[in-house]
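# A look at the structure
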Amino acid sequence: MVKQKKPADPGKLDRIVAEARRNREQREAGYREQALKLYPWICGRCSREFTRANLQELTVHHRDHNHDNNPPDGSNWELLCLYCHDNEHARYLDEPQGSAGAGRRQEQGASHNPFAGLKDLLKDGD
Ligand SMILES: [Zn+2]
Ligand SMILES: [Zn+2]
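Keep in mind that what you see is a predicted model, and the values were worked out from it rather than measured. (Residues numbered from 1 in each chain as written. Chains lettered and ligands numbered in written order. Predicted model: local features only at pLDDT ≥ 70, side-chain atom pairs only at ≥ 80, totals over all residues. Heavy atoms only, no water.)

### So, the nonpolar core
Let me state the cut-off plainly: Residues grouped as a nonpolar core are buried Ala, Val, Leu, Ile, Met, Phe, Trp, Tyr and Cys residues, joined through side-chain atoms within 4.5 Å. Throughout this description, buried means an accessible area under 20% of the type-specific maximum (1.4 Å probe, protein chains only), exposed means over 50%, and partly exposed covers the range between. Residue contacts are counted whenever heavy atoms from the two residues lie within 4.5 Å of one another.
Within the largest apolar cluster, 13 residues are counted, with the highest numbers of intra-cluster contacts made by Cys43, Phe50, Leu58, Val60 and Leu79. Excluding residues that lie within four positions of it along the chain, Cys43 makes contacts with Arg48, Phe50, Leu58, Leu79, Leu80, Cys81 and Cys84.

Given below as structure tokens:
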């Protein structure tokens, strides 16, 4: 079997996007399952215990906040209840490094007009 390379395939991008989405969904379902196998069903903050009945309220938190960082040993995962998970992320957002867009907004607000002096320069000739 030899794979032929076909240059243009209009449906290709759609397939890639769909596949990437599927992979991501599978991966996300995968790490939750793995984390639940690895750790006891207890919130890491408030120590609330979970059973199959309320397991959907127990979430997997990524310690470094990078959802793509899923080491199989679980070192980046932490099981948190919905409330503690919210708190954890709210705290993270309060930290300066969490607001990457703030600096850009400030720059825009303080933007000086590069042509501000141009009128005066042109006026000089009068
Ligand atoms: Zn909790
Ligand atoms: Zn989280």
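### Some points on the coordination of the zinc ion (ligand 1)
Worth spelling out the cut-off: As a rule, N, O and S atoms within 2.8 Å of a metal are its donors, except that Na, K and Ca use 3.2 Å; water is not among the atoms, so sites may look incomplete. What counts as a helix is a DSSP run of H or I of at least four residues, what counts as a strand is a run of E of at least two, and both are numbered from the N terminus.
Protein-derived coordination of the zinc ion (ligand 1) comes from Cys43 (SG), Cys46 (SG), Cys81 (SG) and Cys84 (SG), at a distance range of 2.3 Å. In terms of primary sequence, the donors binding the zinc ion (ligand 1) are separated according to C-x2-C-x34-C-x2-C. Highlighted residues: Cys46 in the loop between helix H1 (12-38) and strand E1 (58-62) and Cys84 in helix H2 (residues 82-94), separated in sequence by 38 residues. The exposure class assigned to Cys46 is partly exposed, which follows from its relative accessible area of 39%.

### With respect to the coordination of the zinc ion (ligand 2)
Every protein donor of the zinc ion (ligand 2) is listed here as His61 (ND1), His85 (NE2) and His89 (NE2), and their distances to the metal cover 2.0 to 2.1 Å. Donor residues for the zinc ion (ligand 2), ordered by position in the chain, follow H-x23-H-x3-H. Pair noted here: His61 is in strand E1 and His89 is in helix H2, with a separation of 28 residues, a long-range link.

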